Structure formats: C-alpha cells, structure tokens
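# Analysis of the macromolecular model
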Amino acid sequence: DGTRAMRAFLNPFRIDCRNMLNAALSAKAGEGVYIRHTGEIKEKVEESKRILTIANQNFEKFAEAMNYLITKPMFSEIDPFFDHVFPLPKDEEISANAAMKARLFVMKGISGEGRGLDHSEIRGTRYACFNSVCEFFDHEKKFRTDDNKMKNLFFGNSVSAKTKALELLMVD
C-alpha cells in the first residue's frame, strides 16, 4: 500500500541485541536507502544495488583483513601496541587502572579466554587481539549511561581505538 518503506544502510558493528539495533537505527536516521512501494521503483532498486555493491566491497576488504590477521602471530613485544590503543595516563591513577584492566582483558583474549577465541587456530594471533579489543569496547568497557555508550561505540573513542588497533595489527 506504499505506507512502509524498506530501509538499508551500512553499519560496521555486529548487532547482537535489540538495543544495539535501536541505537544503529537512530544513529543512522535519514541515512541509507529507503524504497517505498510507489513511484519509480526501478530507479530506486538500481540505486540500492549500487550502494549494496559498495557495501559488499567494504565487507570483502574487512574479511581479507581478518583472514590476514588470523595468519599472523601476535607481536612478541606488545607494549608499543598497548601504548597506542590503551595509553597509560601519567597523572590520573583511576584512568591508569582502567587502561591496565583493558590491557589485561586483551591479553587474556590473545591467550584464548575471549568469546570464540578458544580455538587453537585463533589463540595467539593478531585476530585474537583485534577481536579482544573490539569485545572490550563493545561489551566490557563501562559507561555512565546507555546513551553515552552508544555514542561512543558509533562515533567516539571506541571507534578510534578499534581503528587504531586494526591499523597497527595490519603492519608487518
């Protein structure tokens, strides 16, 4: 009847609960492709195909990166990595404690203690490290409010840290 539209948009995060879906939908309000069952549907479908092709190319690049990381053992010297992703503040004891907890969480993940990381092919790899960094920011890090968490996950320091981690892990 044309009263509802199909909507598609890019989202770089794994949606694993209704709250994450709602946050993604509200954060991406007005973005993406909307196709109503009225008007020039053929043009709308072609535009959707174009956008989905771009999305597929991005997801393929991401898959290639993950396949690369799973073949690479974690760096023997991990402190420089941590110094970039979880820097230790020099003058704030509380922040330093939080950074140390984050580092410990990721170290446990590298050794196979994270979600889906207990397989021998994954344990000790850069993939395990990246997955642990993402798990930390997406599920372990504490925020004052749910709204702060969602903003941080989509636009804030969590995105920056995960991006920095991936960049560092991709370097030979």
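Structure report, in brief. Every residue gets a number counted from 1 within its own chain, in the order that chain's sequence is written. For this predicted model, a pLDDT threshold of at least 70 governs which residues receive local features, and a threshold of 80 or more governs which side-chain atom pairs are given and counted, while totals over whole chains, interfaces and linings are taken from all residues. Note: side-chain values were computed over all heavy atoms of the structure, leaving out hydrogens and water.

Here a strand is any run of E in DSSP of at least two residues, a helix any run of H or I of at least four, and the numbering for each starts at the N terminus. Within the secondary structure, Phe105 is located in helix 4 (residues 93-110). Relative accessibility thresholds used throughout: buried, under 20% of the residue-type maximum; exposed, over 50%; partly exposed, between the two (1.4 Å probe, protein chains only). When its relative accessible area of 21% is taken as the criterion, Phe105 is described as partly exposed. Every residue pair with non-hydrogen atoms within 4.5 Å of one another is taken to be in contact. Setting aside anything within four residues of it in sequence, one finds Phe105 in contact with Ser132, Glu135, Phe136 and Glu140.

Quick look at the environment of Asp146 now. Structurally, Asp146 can be placed in helix 6 (residues 146-155). Given the relative accessible area of 63%, Asp146 is considered exposed. C-alpha separation for the pair Asp146 and Asn19, spaced 127 residues apart in sequence, amounts to 9.2 Å.

Another aspect to go through is helix 5 (residues 126-140). Between its first and last C-alpha, helix 5 extends 20 Å over 15 residues, near the 21 Å set by a 1.5 Å rise per residue. Burial within helix 5 is extensive, with twelve of its 15 residues counted as buried. For helix 5, the complete set of buried residues consists of Arg126, Ala128, Cys129, Phe130, Asn131, Ser132, Val133, Cys134, Glu135, Phe136, Phe137 and Asp138. One less than the residue count of a helix, multiplied by 1.5 Å, gives the span that helix is expected to have.

So, on to the nonpolar core. Side-chain atoms within 4.5 Å are what join buried Ala, Val, Leu, Ile, Met, Phe, Trp, Tyr and Cys residues into a set we call a nonpolar core. Counting residues in hydrophobic clusters, the biggest one holds 22 residues, and the most contacted among them are Phe81, Phe86, Cys129, Phe130 and Val133. Going through the elements one at a time, helix 2 (41-71), helix 3 (79-85), helix 4, helix 5 and helix 7 (157-169) are the ones with two or more residues in this core. Contact partners of Phe81, with chain neighbours within four places excluded, come to Met74, Phe75, Cys129, Val133, Ala165, Leu168 and Leu169. Among the nonpolar cores identified, the runner-up in size contains six residues, and Met20, Ala23, Ala24 and Met150 belong to it.

In short, shape yes, function no, at least from these values alone.
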